[in-house]
Amino acid sequence: MSQITVEPLTFAETSGVNFGAVVHNAIIEDLTDADFDIIRNALFTHQVLVFKNQGGTSPKAQYELTRRFDPAATAYGHGKTIDAKRSILHPDLKTIPHQPQVQVIGNGFVSEYEGLKDIRLKHPHHKTFHATSIPAEDDLDFTRFYRWHIDAALYGLAPPVATTLLAVKVPGGRRQVCRYDDGTGDEVEVPLGTTAFVSGYSMYDLLSEADKEFARTTKVEYAPHPYIWISNAKSRPDGLGLVSQGQEIALDDLPPVEEDKIQVLPLCWRNPVTGQLALQVHPSPVRKLHLADGTVVDDLAEVRETVHRLQRPGIAPKMVYAHDWQEGDLVLFHNRGVLHSVVGAFAEDEVRLFRQCNVAASHFPEGPGDGLAVA
């Protein structure tokens, strides 16, 4: 019999966050089938699970927990595209040599870690990706959501079911104000270097009935080699998709495109346990919308505006769970039920060391039409 217990996170009455839980008494290095059954059910119920004091977890055990949600999956979620020098993902990740499905991310100089030597990690900063940026003199007090996203290659490989993040070294103390800078005045106070999460289920539930119908019956087509395609493009200030300035890489200038790897996915993905629908779109690499009547919307500015209009209520300040990382925290999140974003700006001497793992799934998400309709 498992000793694991699951305690839902609690939030202020004014909060719209209705997900997240802490898992107690779990030994990641030695999970029984009974333990995993509880964790699996908890993940699909609560979407984000926090395991405290897991600093001793090996990269192998982290990978095995992540893969257990899809035992047929073996490859890192982005495959080998991470090696493409033109990909926007390339600078942010270092691969652990003896466990290539696990990446090291963070900030600052690390002399040695898990077979990696003399590595310089760089925390993504919004000024490198957003069309506008916070003035340098305000940079340590204010920040932005860097890029709201799903962990997914979105070309060839299926989106991972789950991602794990392990905090190895966390700079302490400071807090920042995360600004949306979109004319709304929205902002939210966050711990330094937080990972921000929002629920795709709440994002769907917040829609009008007409927009729910649209979301259930529309599919999104992602660009081929999406993270190279957008490598020169810039983000909105809220981190939720890109501005349209004609900066996308021409299709002829991409690596060779295999048409059968281009992904056209439902806007809504069905939860395998609860049956709920999540509005689950990675807004940055969207290229076309396929409507119920067969119309294909290929005006990129219109596609982006439509997706942003649907998603923006779901990232309102009261909807955001900003995890306050402590060393040893292992966070397991349902990559098909939440969006997340890197947040924060570090000083050069603030060292942050994390391990990330996800594996490309052996199957694609279920859409609204793959089971009973959910309004």
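See the structure above.
Residues numbered from 1 in each chain as written. Predicted model: local features only at pLDDT ≥ 70, side-chain atom pairs only at ≥ 80, totals over all residues. Heavy atoms only, no water.

Asker: Break down the overall build of the chain for me, citing the residues and quoting the values.
Answerer: If you tally the helices and strands in the chain, you get six helices and 21 strands. Here the C-alpha radius of gyration of the chain, 20 Å, is about what a compact globule of 375 residues would show, namely 21 Å. Counting only C-alpha atoms and orienting by the principal axes, one finds that the chain spans roughly 50 × 50 × 45 Å. Buried positions account for 57% of the 375 residues belonging to the chain. Of the contacts formed within the chain by residues at least 6 apart in sequence, a portion of 78% connects residues at least 24 apart. Counting only carbon and sulfur atoms, one obtains 50% of the accessible surface of the chain, whose full area is about 15700 Å². The positive charge centre, built from 35 side chains, and the negative charge centre, built from 49, are 3 Å apart in the chain. (Helix = DSSP H or I, 4+ residues; strand = E, 2+ residues; numbered from the N terminus. Rg over C-alpha atoms; globule rule 2.2 N^0.38 Å. Buried < 20%, exposed > 50% of the residue type's maximum accessible area, 1.4 Å probe, protein only. Contact = heavy atoms within 4.5 Å. Areas by Shrake-Rupley, 256 points an atom, 1.4 Å probe, with all protein chains shown as cover. Lys, Arg positive; Asp, Glu negative; His and termini not counted. Charge placed at Lys NZ, Arg CZ, Asp CG, Glu CD.)

Asker: Got a sec to walk through the pattern of salt bridges? Specific residues and values, please.
Answerer: Scanning the model with the defined rule gives 18 salt bridges in all. Residue R68 pairs with D33 through a salt bridge whose shortest N-O separation is 2.8 Å. Of this pair, R68 sits in the loop between α2 (59-67) and β4 (94-95) while D33 sits in helix α1 (residues 33-46), and the two are 35 residues apart along the sequence. We classify R68 as partly exposed; its relative accessible area is 27%. The partner of E248 in a salt bridge is R304, and the shortest N-O contact between them spans 2.8 Å. (Salt bridge = Lys/Arg side-chain N within 4 Å of Asp/Glu carboxyl O.)

Asker: Kindly report on the pairing of strand β12 (residues 219-222), identifying the contributing residues and their values.
Answerer: Inspection of the sheet shows β12 paired to strand β13 (residues 264-266) by three bridges, in the antiparallel sense. By the bridge assignment for β13, E221 is matched with V264. Where β12 and strand β16 (residues 286-290) come together, four bridges link them in antiparallel fashion. The residue bridging K219 from the neighbouring strand is H290, located in β16. (Pairing = 2+ DSSP bridges.)

Asker: Explain the sheet that holds strand β17 (residues 296-297) to me, and be specific about the residues and the numbers.
Answerer: Taken together, the four strands give an open sheet; going across it, the order is β13-β12-β16-β17, and neighbouring strands pair in antiparallel fashion. Because the sheet does not close on itself, it has two edges, and the strands there are β13 and β17. Looking at chain direction, β16 and β17 are connected through two bridges and run antiparallel. Paired with L289 across the two strands is V297, which belongs to β17.

Asker: Residues and numbers for the side chain of Q263, please.
Answerer: With respect to the helices and strands, Q263 occurs in the loop between α5 (226-229) and β13. What makes Q263 buried here is its relative accessible area of 3%. Contacts of Q263, omitting those with residues within four sequence positions, involve L154, Y155, G156, L157, A158, P159, V220, E221, Y222 and F364.

Asker: Can you lay out the layout of surface pockets for me, pointing to particular residues and giving the numbers?
Answerer: Roughly 210 Å³ of internal volume is contained in the second largest pocket. Forming the boundary of the second largest pocket are 13 residues, of which F44, V161, P272, R336 and H363 lie nearest the centre. A per-class count over the lining of the second largest pocket returns seven nonpolar, two polar and four charged. (1 Å grid on protein atoms, 1.4 Å probe; cavity = no way out; pocket = protein on both sides within 12 Å on 5 of 7 lines; lining within 4 Å. Points joined across faces, edges and corners; volume = space filled by probe spheres on them. Nonpolar A, V, L, I, M, F, W, Y, C, P; charged D, E, K, R; others polar.)

Asker: So what about the nonpolar core? Which residues, and what values?
Answerer: Grouped together as the largest cluster of nonpolar side chains are 48 residues, with contacts concentrated most on F145, W148, L267 and L279. By residue number, the principal contributor to this core is helix α6 (residues 300-311), which donates four residues. Membership of the second largest hydrophobic core comes to 23 residues, among which are F44, V161, L330 and A361. (Core = buried A, V, L, I, M, F, W, Y, C linked by side-chain atoms within 4.5 Å.)

Asker: How would you summarise the environment of A61 if you had to cite specific residues and measurements?
Answerer: Tracing the sequence through the fold places A61 in helix α2. Among the residues examined, A61 registers a relative accessible area of 4% and is labelled buried. Taking C-alpha positions, A61 is 8.3 Å from D30, a pair spaced 31 residues apart along the chain. Discounting chain neighbours no more than four positions away, the residues touching A61 are I28 and E29.

Asker: Break down the sheet that holds strand β9 (residues 175-179) for me, citing the residues and quoting the values.
Answerer: One open sheet accounts for three strands, arranged β7-β9-β10; its pairing is mixed. Looking along the sheet, the strands with just one partner apiece sit at the ends: β7 (142-143) and β10 (187-191). Relative to β10, β9 is paired through five bridges, and the arrangement is antiparallel. Paired with Q176 across the two strands is V190, which belongs to β10.

Asker: How would you sum up helix α4 (residues 209-217)? Please name residues and give values.
Answerer: Listed as buried for α4 are D211, K212 and A215. Mapping the buried residues of α4 onto a view down its axis gives an arc of 105°, with all of them on the same face. Away from its buried face by more than 90 degrees, α4 exposes E209 and A210. Its buried side turned inward, α4 meets α3 (200-205), β14 (268-270), β15 (277-279) and α6. (Arc of directions from axis to C-beta.)

Asker: Which residues make up α2, and what are the values?
Answerer: For α2, the full list of buried residues reads P59, A61, Q62, Y63, L65 and T66. On its buried side, α2 packs onto α1, β5 (102-113), β8 (162-169), β19 (330-334) and β21 (352-358).

Asker: Talk me through the packing of aromatic side chains; I want residue IDs and the actual numbers.
Answerer: Summed over all chains, the structure comprises 10 aromatic pairs. Taking the centre distance of 6.2 Å and the plane angle of 85° together, the rings of F44 and F69 count as edge-to-face. In this pair, F44 sits in helix α1 while F69 sits in the loop between α2 and β4, placing the two residues 25 residues apart along the sequence. Grouped by ring-pair contacts, the aromatic residues F11, F19, F197, Y321 and F333 constitute a single cluster. Sitting above the plane of the F129 ring, R147 keeps its charged end 4.6 Å from the centroid. For the cation-ring pair, R352 lies above F354, with the distance from its terminal atom to the ring centre recorded as 3.8 Å. (Phe/Tyr/Trp six-rings, centres within 6.5 Å; stacked < 30°, edge-to-face > 60°. Lys NZ or Arg CZ within 6 Å of the ring centre and 35° of its normal.)

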